[in-house]
Amino acid sequence: MHFSIQNILFLLVAIAGFGLFAWQARKIRANILVGRDRDMSGNVSERLNKTLLVAFGQSKMFKRLTPAFLHLIVYVGFLVINVEVIEIMVDGIFGTHRFLQFLGPVYDALMATNEILGALVIVAVVAFWWRRNRKPPVRRFQGPELRMWPKLDANIILYVEVILMAALFTMNTADLKLHQLRGADMPGTFPISSLLVGLFPTSETALHVLERVGWWAHIVGILCFLNYLPSSKHFHIIMAFPNVYYSRLVPQGQFSNVESITHEVKAMMDPSYEVPAPATAPDGSALAPTPFGAKDVNDLAWTNLLNAYSCTECGRCTSVCPANITGKLLSPRKIIMDTRDRMEEKYNSPLIFSPNLYGQEAKHESQEVLDKENHTLLRGYVTPEELWACTTCNACVEACPVNINPLESIVEMRRFLVLEESAAPNSLNVMFSNIENNGAPWAFSPSDRFNWADDLFVADKEAVTA
Amino acid sequence: MADLAAQGETPEILFWVGCAGAFDDRYKRVTRAFVRILEHVGVKYAVLGMEESCTGDPAKRAGNEFLFQMQAMQNITTLNGYGIKKVVTACPHCFNTIKNEYPALGGEYEVIHHSTFLQQLINDGRVKIEGGESYKGRRITFHDSCYLGRSNNIYEAPRAVLEALDADLVEMKRSKANGLCCGAGGAQMWKEPEPGKKDVNIERTEEALATLDGNAAALDNLYGVESGNAGATPAPKANAQSSIIAVGCPFCMTMMSDGVKNKERENNVQVFDLAELVASAEGLNA
């Protein structure tokens, strides 16, 4: 153990890094909690199973093999290499060197796995970069909502991952060469670094500096990256887990019931039904009535807002959306991205970037009139045209690897348009009045409802007489 | 139903006809086909007739929760009044709404889609698929209804029914959980589509036709259908009889039929509901 100024410095850097992240996480928690309350308690074992399968097990990723395989490399690399991060932390604080070496053969295997995964991560990241930046990119990385900041963000993540891996290899290779020059035995097995030793200088001082540079670059890089996450789509590496845990367990076709309307309708049908008193503020005064449906982010359920922070903008939802693939304005990914941007515009922004400032111009290029005066999620970001294009087919819900449900948000906003603004397309208003007056969405008389049976018996008679 | 109740009887099942089944000229044929099957196997069934009303599905999907709940409560009052326990319907939208959304409003029933019901009849040997039209060697592709498939995970029942027909069943590239919507769900049935490059039902019909024709090149031109295993679709067989797009939903029926007409393929491609196929295979022409 060589306790030195380096250890004090490291401790300060680590505290600053984690403290800053905790501060940012609190802001995001506050953002999510502006959403409407929704009881998601219970069903713990079912929820844990789902989390294991979908989040840890990546089961929904494997609908597309190539990206699933590449993602798996980066994901497993992230999990395994984090074990080494624990070692780095301990070494950094206590001045030890390769603290985990007491594991013996397990340490050998761990280091070897790390190195191989590290190299594979670089390969996967290059493939990801190519898929996004070739001309034209993979279709789901196109689209107006994915220009400007979202595009830059995606590339920054890939560059940082390469830098982190490069730092790891610099550290290992320099350390290995240092040991070789001294004729000492180095704990661990380093299949990739042992190939790289030839490229490194032979000066002990230089190697020592390189080892320290690699070490510091890796851990400082990780801490910086950690604090970049809240500004980035890469936040999904954390949020995917709670998001899957809190995803819906009911059949996808089941749309939420609006309790307040149930009370109203029951009271209409049965005058003796007592509508529960509206909720009051803690001081007893009446609260402003909650609107039907959602106009802004705080009208959505907190789970919908959690969705927005779990989205990695992969576009699998949009690429299977029947409205989107036939050229309509709707993009489920954009609805989710808009929700996050609006939350950060209205409430708390993360530390580094305010994504809405960068992406908005590009996103709205194809939309006509945006109500800048009443800047809310609906109309300010999402236009009614997008919402009315949805066929509620659940393809986006099915496609999302982390169980995001864009459909729920779409229906909530439709509810606001219809129930608060009476702003449904005219043809839908005709359908509504048909249901109201005739008990059918078409303009047929209810007395004709049994007419289908007339022909049946005629045909029967013919069959008998023939 | 009212007549039956007056006689003090309760039916085995309540057949929920649905608005399309009652009013849409094309889907009335499906209603009749299903009734013939029910009569044929001797299931004691009833319909609500004029007492039935829209389930409220299109209102709810369009955001009119108030209208939906009015419809739902009214229907629940009717159904509960007759003591209905088991509901069968040929409409996936009615099926989904009654099964999943009525319980929260006091309507708890065992709800079965007719594809599941037909599968049970075939499994139990009550429908034998013989004596009528033969589908041997005819190409059939099944178009999954979103509200049956993704919404309620019913993928196998309609396929089991089609397999019993001994036809040449082919799958579209986008099928089951990855199926493409016909374009009519979510109240789209009652409005013009938003501006875009193409209507959804045309895209889906093109896919169905390309699959039936074994035309891999046409498949590759569809949006979002990934090419690569183009050779996987078998070449079409020389077949004098027309190919079939099978559906299990009134909206899909309308959208796919319109698509086939749009592509001017009515002469050799027909759109049929599962109940119609079973009825005609059983010699119960509707």
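Residues numbered from 1 in each chain as written. Chains lettered and ligands numbered in written order. Predicted model: local features only at pLDDT ≥ 70, side-chain atom pairs only at ≥ 80, totals over all residues. Heavy atoms only, no water.

A few words now on the overall build of chain A. The secondary structure content of chain A amounts to 20 helices and zero strands. Taking 2.2 N^0.38 as the reference for a compact globule, 466 residues should give roughly 23 Å; the C-alpha atoms of chain A span a radius of gyration of 29 Å, well beyond that estimate. Put simply, chain A has 466 residues, and 52% of those count as buried. Of the contacts made within chain A by residues no fewer than 6 positions apart, 76% connect residues no fewer than 24 positions apart. Carbon and sulfur atoms make up 65% of the accessible area of chain A, which amounts to about 21200 Å² in all. (Helix = DSSP H or I, 4+ residues; strand = E, 2+ residues; numbered from the N terminus. Rg over C-alpha atoms; globule rule 2.2 N^0.38 Å. Buried < 20%, exposed > 50% of the residue type's maximum accessible area, 1.4 Å probe, protein only. Contact = heavy atoms within 4.5 Å. Areas by Shrake-Rupley, 256 points an atom, 1.4 Å probe, with all protein chains shown as cover.)

Within chain B, the regular secondary structure consists of 12 helices and eight strands. Relative to the 2.2 N^0.38 estimate, which gives 19 Å for 286 residues, the radius of gyration of chain B is 19 Å and therefore close to what a compact globule would have. Counting only C-alpha atoms and orienting by the principal axes, one finds that chain B spans roughly 60 × 45 × 30 Å. Looking at chain B as a whole, 64% of its 286 residues qualify as buried. Taking the intrachain contacts of chain B between residues at least 6 apart in sequence as the baseline, contacts between residues at least 24 apart amount to 78%. Carbon and sulfur atoms form 45% of the exposed surface of chain B, whose accessible area is close to 10100 Å². The average position of the 29 basic charges and that of the 37 acidic charges among the side chains of chain B differ by 2 Å. (Lys, Arg positive; Asp, Glu negative; His and termini not counted. Charge placed at Lys NZ, Arg CZ, Asp CG, Glu CD.)

Counting 156 residues, the largest nonpolar core has Leu428 and Phe432 of chain A together with Ile37, Phe117, Leu118, Leu165 and Ile245 of chain B as its most contacted members. For this core, the leading source of residues is helix 3 (residues 25-41) of chain B, giving eight residues. Judged by nonpolar contacts, the second largest core, of 26 residues, contains Ala14, Leu164, Leu168 and Trp216 of chain A. (Core = buried A, V, L, I, M, F, W, Y, C linked by side-chain atoms within 4.5 Å.)

Residues and elements named next belong to chain B. The alternating pattern of strand 1 (residues 13-16) places Ile13 and Phe15 and Leu14 and Trp16 on opposite faces, both of which are buried. Relative to strand 3 (residues 86-89), strand 1 runs parallel, the two being bridged by three bridges. Bridge assignment links Trp16 to a residue of strand 3, and that residue is Thr89. (Pairing = 2+ DSSP bridges.)

Bringing the pattern of salt bridges into the picture now. Two side chains that carry opposite charge are able to pair once their charged atoms sit near each other. Residues and elements named next belong to chain A. Under the counting rule described, the total for this entry stands at 36 salt bridges over all chains. For Asp175, the salt bridge is made with Arg98, and the minimal N-O distance between the two is 2.8 Å. Within this pair, whereas Asp175 is found in helix 5 (residues 148-182), its partner Arg98 is found in the loop between helix 3 (65-94) and helix 4 (105-133), the two being separated by 77 residues in sequence. Residue class for Asp175 comes out buried when judged on its relative accessible area of 2%. Residue classification places Arg98 among the buried positions, given a relative accessible area of 3%. Residue Lys334 pairs with Glu386 through a salt bridge whose shortest N-O separation is 3.1 Å. Here Lys334 is found in helix 13 (residues 332-346), whereas its partner Glu386 is found in helix 16 (residues 384-388), with 52 residues between them in sequence. (Salt bridge = Lys/Arg side-chain N within 4 Å of Asp/Glu carboxyl O.)

A few words on the UniProt feature "domain: Cysteine-rich" (unreviewed entry) in chain B. All names here are of chain B. The UniProt record marks residues 14-99 and 140-209 with the feature "domain: Cysteine-rich" (unreviewed entry), using the residue numbering of this structure. Each end of residues 14-99 is marked by a C-alpha atom, and these two atoms are 14 Å apart; helix forms 62% of the span and strand 10%. Taken as a whole, residues 140-209 contains 27% helix and 9% strand, while its terminal C-alpha atoms sit 10 Å from one another. (UniProt positions renumbered as here; feature names shortened; annotations may be inferred.)

Bringing the interface of chain A and chain B into the picture now. With 61 residues of chain A at the interface, the matching set in chain B holds 71 residues. Contact between chain A and chain B buries roughly 5700 Å² in total, counting both sides, with carbon and sulfur atoms accounting for 66%. When the buried area of chain A at its contact with chain B is split by residue, Trp442, Arg449 and Trp452 of chain A rank highest and sum to 15% of it. For Glu52 of chain B, the salt bridge identified is with Arg449 of chain A, shortest N-O distance 3.3 Å. Inspection of the chain A/chain B interface yields 29 residue pairs in polar contact (both at pLDDT 80 or more). Contributing elements (two or more residues each) for the side of chain A that touches chain B: helix 9 (259-269), helix 12 (322-325), helix 16, helix 17 (395-399), helix 18 (406-420), helix 19 (426-438) and helix 20 (452-465) of chain A. (Buried area = accessible area lost by both parts, 1.4 Å probe. Polar contact = N/O pair within 3.5 Å; in protein donor to acceptor, adjacent residues only side chain to side chain.)

With that settled, the discussion passes to the sheet that holds strand 1 of chain B. All names here are of chain B. Pairing is parallel in the open sheet, where four strands are placed in the order 2-1-3-4. If you trace the sheet from one side to the other, it starts and ends with strand 2 (45-46) and strand 4 (110-113), each paired once. Helix 3 rests against strand 1, strand 2 and strand 3 of the sheet, and its axis sits at about 165° to strand 1. (Axes fitted to C-alpha atoms, helices over the stretch in contact; angles between N-to-C directions.)

Turning next to the state of the cysteines. Under the counting rule described, the total for this entry stands at zero disulfides over all chains. Between Cys393 of chain A, a free cysteine, and Cys146 of chain B, which holds the nearest cysteine sulfur, the sulfur-to-sulfur gap is 4.6 Å. Residue class for Cys393 of chain A comes out buried when judged on its relative accessible area of 7%. This cysteine, Cys181 of chain B, is not joined by any disulfide, and Cys146 of chain B carries the nearest cysteine sulfur, 4.0 Å off. According to the relative accessible area criterion, Cys181 of chain B is buried, its value standing at 2%. (Disulfide = S-S within 2.5 Å.)

Two quantities define a packed helix pair, namely the angle between the helix axes and the distance between the axes. Residue and element names in this part refer to chain A. Direction vectors running N to C along helix 1 (residues 5-33) and helix 10 (residues 302-310) enclose 140°, while the axes themselves pass 8 Å from each other. With respect to their mutual orientation, helix 1 and helix 10 come out oblique. Where helix 1 abuts helix 10, its residues Ile28, Asn31 and Ile32 lie against Trp302, Leu305, Leu306 and Tyr309. By residue class, the composition of the contact of helix 1 with helix 10 is six nonpolar, one polar and no charged. (Parallel < 35°, antiparallel > 145°, perpendicular 65-115°, else oblique. Nonpolar A, V, L, I, M, F, W, Y, C, P; charged D, E, K, R; others polar.)

Here the structure, examined in full by the defined rule, presents 17 aromatic pairs over all chains. On the numbers, 5.0 Å between centres and 75° between planes, the contact of Tyr246 of chain A with Trp302 of chain A is edge-to-face. Of this pair, Tyr246 of chain A sits in the loop between helix 8 (236-245) and helix 9 while Trp302 of chain A sits in helix 10, and the two are 56 residues apart along the sequence. With a relative accessible area of 15%, Trp302 of chain A lands in the buried category. Ring centres 5.3 Å apart and planes at 85° place the aromatic pair Trp190 of chain B and Phe251 of chain B in the edge-to-face group. (Phe/Tyr/Trp six-rings, centres within 6.5 Å; stacked < 30°, edge-to-face > 60°.)

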